[in-house]
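Residues per chain, in single letters:
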Amino acid sequence: PDPQIPTADDDDSQTTNPITDQQQQQQIRAKNPDAESCCSSSSSESNCTNNNSSDDENSNSSNSNDDESQLSDDDSNAFLDPYDEPSLPTYSCRYCGVHDPACVARCVESNKWFCNAPCVGGGGSHLVNHLVRSRSNQVQLHPDSPLGETVLECYNCASKNAFVLGFVPASTSSVVVLLCRVCVETVPALKDMDWELGQWHPLVQDRKFLPWLVKVPSDKLLLRARDLNQAQINKLEELWKTEPTARFSDLDRPDVIDEAELLAPTLLRYEDGYHYQNILAPLVKMEADYDRQMKESLSEESITVRWEKSLAGKNIATFSFG
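This is a predicted model, so every value here is computed, not measured. (Residues numbered from 1 in each chain as written. Predicted model: local features only at pLDDT ≥ 70, side-chain atom pairs only at ≥ 80, totals over all residues. Heavy atoms only, no water.)

Participant: I keep staring at the nonpolar core and nothing clicks. Help me out?
Facilitator: In a soluble, globular protein the nonpolar side chains are often hidden away together inside. By size, the foremost hydrophobic cluster in this structure holds 48 residues, and its most contacted members are Tyr95, Val139, Leu152, Leu179, Trp195, Leu203 and Phe209. Per-element accounting of this core gives the leading share, four residues, to helix H7 (residues 230–242). Ignoring anything within four residues of it in the chain, the contact list for Leu179 reads Cys154, Tyr155, Asn156, Val164, Leu165, Gly166, Val168, Val184, Leu190, Trp195, Leu197 and Trp200. (Core = buried A, V, L, I, M, F, W, Y, C linked by side-chain atoms within 4.5 Å. Buried < 20%, exposed > 50% of the residue type's maximum accessible area, 1.4 Å probe, protein only. Helix = DSSP H or I, 4+ residues; strand = E, 2+ residues; numbered from the N terminus. Contact = heavy atoms within 4.5 Å.)

This is how it looks when you write it as structure tokens:
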């Protein structure tokens, strides 16, 4: 059979009566009037879900930003510049600035706080070094420390010399008692107590206090502390003899100069008498000033004297130290 060839009439019918997409949609709407509402509702629901998800993401991001800002604020507040001494707590170490309550203790005589960190180049901990240099021996713990605000003293004789104090464990309970070395060796009545006197150990070992009494600062705290050497510690101790309220920053003052750095060393041979006098005279003056300071440091204030007559007619002076 011959193939069918489209004619002009067929082309006209196809072009003159086309069914557009708009008409198809109208026919669908006429047959199913709920289709449009379904489509619109579905589109609105999808838009709502998208909006809700975007809102959730925004809220989560804002919360995360708030958390991050809060954490950053906490971290910034937690760090205190150790060289900014006015901003440090009053119980911070006067040497390095460590201010952990569990790591510091107060020297009762000088009313200064020091930590249990070791000194650079030896010499014991900061606390022990100050006690030795200032000739003090009484120590008080921080109120927020594990043992509370207590002055270390002997349970038997109330001696407060920290260098002769030690601890002994109880035989039946998990407690320890602070006793001085003198009481352990000379008081026989203590042997009848429920204490292991043979296990007496001093509180100061290896020139630092025991860590369960005053903790040693961690490496993280030491990295944030002031960096100072033994020479600066010695300068501070010498400065505190004349200015008890001096700070670490006062070492940079032009009037605080170590006299030992300006002194010329002694020689085996001298050119003449003038050369000998110029070298030895400053040393003699420095020694005289030191002796005078030591005598002045032994003086006491607020003393009253009361004179009385004894039964034998002798004069008796009573000194009252206020």
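Participant: Would you explain the pairing of strand S5 (residues 176–180) in this entry?
Facilitator: Across a regular strand the side chains alternate sides, sitting on one face of the sheet and then on the other. Pairing of strand S4 (residues 165–169) with S5 involves five bridges; the strand directions are antiparallel. Among the inter-strand pairings, Leu165 is bridged to a residue of S5, identified as Cys180. Two successive antiparallel strands, S4 and S5, enclose a turn made up of six residues. (Pairing = 2+ DSSP bridges.)

Participant: Any chance you could explain the packing of aromatic side chains here in plain terms?
Facilitator: For any pair of aromatic rings, the description consists of the separation of the ring centres together with the inter-plane angle of the planes. For the coordinates displayed, the defined rule picks out eight aromatic pairs. Relative to Trp240, the ring of Phe114 lies with its centre 6.0 Å away and its plane at 70°, an arrangement referred to as edge-to-face. Taken together, the positions of Phe114 in strand S2 (residues 112–115) and Trp240 in helix H7 put the pair 126 residues apart, joining distant regions of the chain. No difference in accessibility class separates Phe114 from Trp240, as the two residues are buried. Considering the side-chain rings of Tyr270 and Tyr276, the 5.1 Å spacing of their centres and the 90° angle between planes classify their relative orientation as edge-to-face. Assessed through its relative accessible area of 24%, Tyr270 is described here as partly exposed. (Phe/Tyr/Trp six-rings, centres within 6.5 Å; stacked < 30°, edge-to-face > 60°.)

Participant: Honestly, the pairing of S4 in this entry has me stumped. Any pointers?
Facilitator: Along S4, five of the five residues are buried, which leaves the element largely enclosed by surrounding structure. Burial along S4 is two-sided: Leu165, Phe167 and Pro169 and Gly166 and Val168, pointing in opposite directions, are all buried.

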